[in-house]
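The chain contents come next:
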Amino acid sequence: MPVTLDITGKTRVFGVISDPIAHVRAPAVYNPVFEARGIDAVLIPVHVTPEDLPAAVAGFKAQRSLYGLCVTVPHKVALMQLCDEVGEQGRLVGAVNAVRFTDDRRMVGENFDGQGFVAGMRAEGFEVTGKSVLQLGAGGAGMAIAYALAASGVSRLVIANRTRAKAEELAANVSAAYPSVPVEAGEPDPSGFDIAVNATSLGLAEGDALPLDPGKLAPKTVLAEIVMIPETTALISAALDRGCRVHYGRHMLDKQIDLMGDFIGATS
Ligand SMILES: NC(=O)c1ccc[n+]([C@@H]2O[C@H](COP(=O)([O-])OP(=O)(O)OC[C@H]3O[C@@H](n4cnc5c(N)ncnc54)[C@H](OP(=O)(O)O)[C@@H]3O)[C@@H](O)[C@H]2O)c1
């Protein structure tokens, strides 16, 4: 059921842009927050196909009651290219998941995937600055997390990926962006690391292989997961059995929601 809203001429409008649109969760996430906090705003679904994106952006810029958008598949890369300004993480990753419109109607974008992961870790008491990190995975989420970890000043980052060439390319790019952080491609061996993070999609499906050998996990290593469903993946269970502290995938999304809401101006 839609949230009851008192929409007036002063109500600020936010959106989530996607194609298809029916699955988007942002309205169900943000509208109750507006209501609970007494914020005069509404977040609506905005269904735009890739072909119509340039025309839609021109329309967004002309619509002064529209303050910002959450961005989902398939628009993350194309919207970044249409932005007037892009934040550091969005530029590095090459995609944005939030845009806001300034008073003079410039479109400013940023990517909060990796920042959400780091903020989620910190919120749960796991500092990443100064820590050695083994990252498994070099896909879309892995790319954002690697840049954000380097931006946060990890002491060392090793990236392991099934397709080794992708890990090598990502390590080289992260290293070029953050030369003071040692970054390299390597093996999925967590021995000696402070933190091991699963940024692959392994764990989503029952019977998936584990992304690392849990027999090599020492109790001092924090095992972080980004897969959200199931909440307790086989890797998390194995890490708990080894006596490790663990970090769940939902924290990354929770913090992204906060960061994106702040960025587009919806939650303040
Ligand atoms: N918690 C959150 O907020 C959040 C946010 C974004 C994504 N996620 C989750 O993160 C996961 C990855 O998303 P993504 O967007 O990065 O996906 P993606 O771009 O498709 O990348 C998938 C990654 O998993 C690896 N992989 C897939 N199947 C594998 C297998 N059988 N064996 C070994 N490695 C395998 C891929 O390796 P190759 O490069 O070799 O193919 C790649 O590194 C998904 O489960 C997604 O739901 C969570």
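Residues numbered from 1 in each chain as written. Predicted model: local features only at pLDDT ≥ 70, side-chain atom pairs only at ≥ 80, totals over all residues. Heavy atoms only, no water.

1. Structural notes on the packing of helix H5 (residues 113-123) against helix H6 (residues 140-151)
Working note: a packed helix pair is described by the angle between its axes plus the distance between those axes. Packing of H5 against H6 brings their axes to within 7 Å, and their N-to-C directions diverge by 60 degrees. One finds that H5 runs oblique with respect to H6. H6 is crossed by H5, and the crossing has right-handed handedness. Of H6, the residues touching H5 (which contributes Asp113, Gly114, Gln115, Phe117 and Val118) are Ala144, Ile145, Ala148 and Leu149. Classifying every residue of the contact of H5 with H6 by side-chain character gives six nonpolar, two polar and one charged. (Axes fitted to C-alpha atoms, helices over the stretch in contact; angles between N-to-C directions. Helix = DSSP H or I, 4+ residues; strand = E, 2+ residues; numbered from the N terminus. Parallel < 35°, antiparallel > 145°, perpendicular 65-115°, else oblique. Left-handed = near helix turned anticlockwise from the far one by under 90°. Contact = heavy atoms within 4.5 Å. Nonpolar A, V, L, I, M, F, W, Y, C, P; charged D, E, K, R; others polar.)

2. Let's talk about the domain arrangement of the chain
By a widespread convention, an interface's size corresponds to the accessible area lost as its parts come together. Looking at the chain, the domain boundaries give domain 1 (12-111) and domain 2 (114-252). Centre-to-centre separation of domain 1 and domain 2, based on C-alpha positions: 28 Å. For the pair domain 1 and domain 2, the summed buried surface comes to about 600 Å²; carbon and sulfur atoms form 54% of the total. Run the count over domain 1 and domain 2 and you get zero salt bridges. Our enumeration of links across domain 1 and domain 2 arrives at three residue pairs in polar contact (both at pLDDT 80 or more). The dominant element in the side of domain 1 that touches domain 2, judged by the number of residues it contributes, is helix H4 (residues 88-93), at four residues. Class assignment for the residues of the side of domain 1 that touches domain 2 results in two nonpolar, two polar and two charged. (Domains from an automatic or database assignment. Buried area = accessible area lost by both parts, 1.4 Å probe. Salt bridge = Lys/Arg side-chain N within 4 Å of Asp/Glu carboxyl O. Polar contact = N/O pair within 3.5 Å; in protein donor to acceptor, adjacent residues only side chain to side chain.)

3. Quick word on helix H1 (residues 26-37)
The first and last C-alpha atoms of H1 sit 16 Å apart over 12 residues, in line with the 16 Å expected at 1.5 Å per residue. Every buried residue belonging to H1 is among Ala26, Pro27, Tyr30, Asn31 and Phe34, and all of these are buried. Down the axis of H1, the buried set is contained in an arc of 100 degrees. They therefore lie on one face. Structural note: H1 exposes Ala28 and Ala36 on the side pointing more than 90 degrees away from its buried face. Among the structural elements, strand S1 (12-18), strand S2 (41-47), strand S3 (66-71) and helix H9 (250-264) are those in contact with the buried residues of H1. Backbone geometry just after H1 places Gly38 at a positive phi near 70 degrees. (Expected span 1.5 Å × (residues − 1). Buried < 20%, exposed > 50% of the residue type's maximum accessible area, 1.4 Å probe, protein only. Arc of directions from axis to C-beta.)

4. Let's talk about the site of the ligand
Around the ligand lies a shell of 20 residues, among which Gly140, Ala141, Asn161, Thr163 and Lys166 are the nearest. Gly139 has a polar backbone atom sitting 3.4 Å from an oxygen atom of the ligand. Between the ligand and Leu253 there is a distance of 3.4 Å, counted from an oxygen atom to a backbone nitrogen or oxygen. For the ligand, whose free accessible area comes to 920 Å², the fraction covered by protein is 70%. Among the secondary structure elements, those contributing two or more residues to the shell around the ligand are H6 and H9. Top contributing element to the shell around the ligand by residue count: H9, with three residues. In terms of residue class, the shell around the ligand is built from nine nonpolar, nine polar and two charged. (Near = heavy atom within 4 Å. Areas by Shrake-Rupley, 256 points an atom, 1.4 Å probe, with all protein chains shown as cover.)

5. Some points on the sheet that holds S1
The strand order across the open sheet built from six strands is S2-S1-S3-S5-S6-S4, with neighbouring strands paired in mixed fashion. Here the strands that pair on one side only, and so sit at the sheet edges, are S2 and strand S4 (85-86). Two strands pair when backbone bridges link them, and S1 and S3 are joined in this way by five bridges, in the parallel orientation. Residue Val16 lies in a different strand from S3, and its bridge partner there is Cys70. (Pairing = 2+ DSSP bridges.)

6. Some points on the packing of aromatic side chains
Evaluation of the coordinates by the stated rule reveals five aromatic pairs. On the basis of an interplanar angle of 40 degrees and a centroid distance of 6.1 Å, the ring pair of Phe14 and Phe34 is categorised as tilted. One end of the pair, Phe14, is in strand S1; the other, Phe34, is in helix H1, and 20 residues separate them in sequence. With a relative accessible area of 0%, Phe14 lands in the buried category. Judged by relative accessible area, Phe34 falls into the buried class, the value being 0%. (Phe/Tyr/Trp six-rings, centres within 6.5 Å; stacked < 30°, edge-to-face > 60°.)

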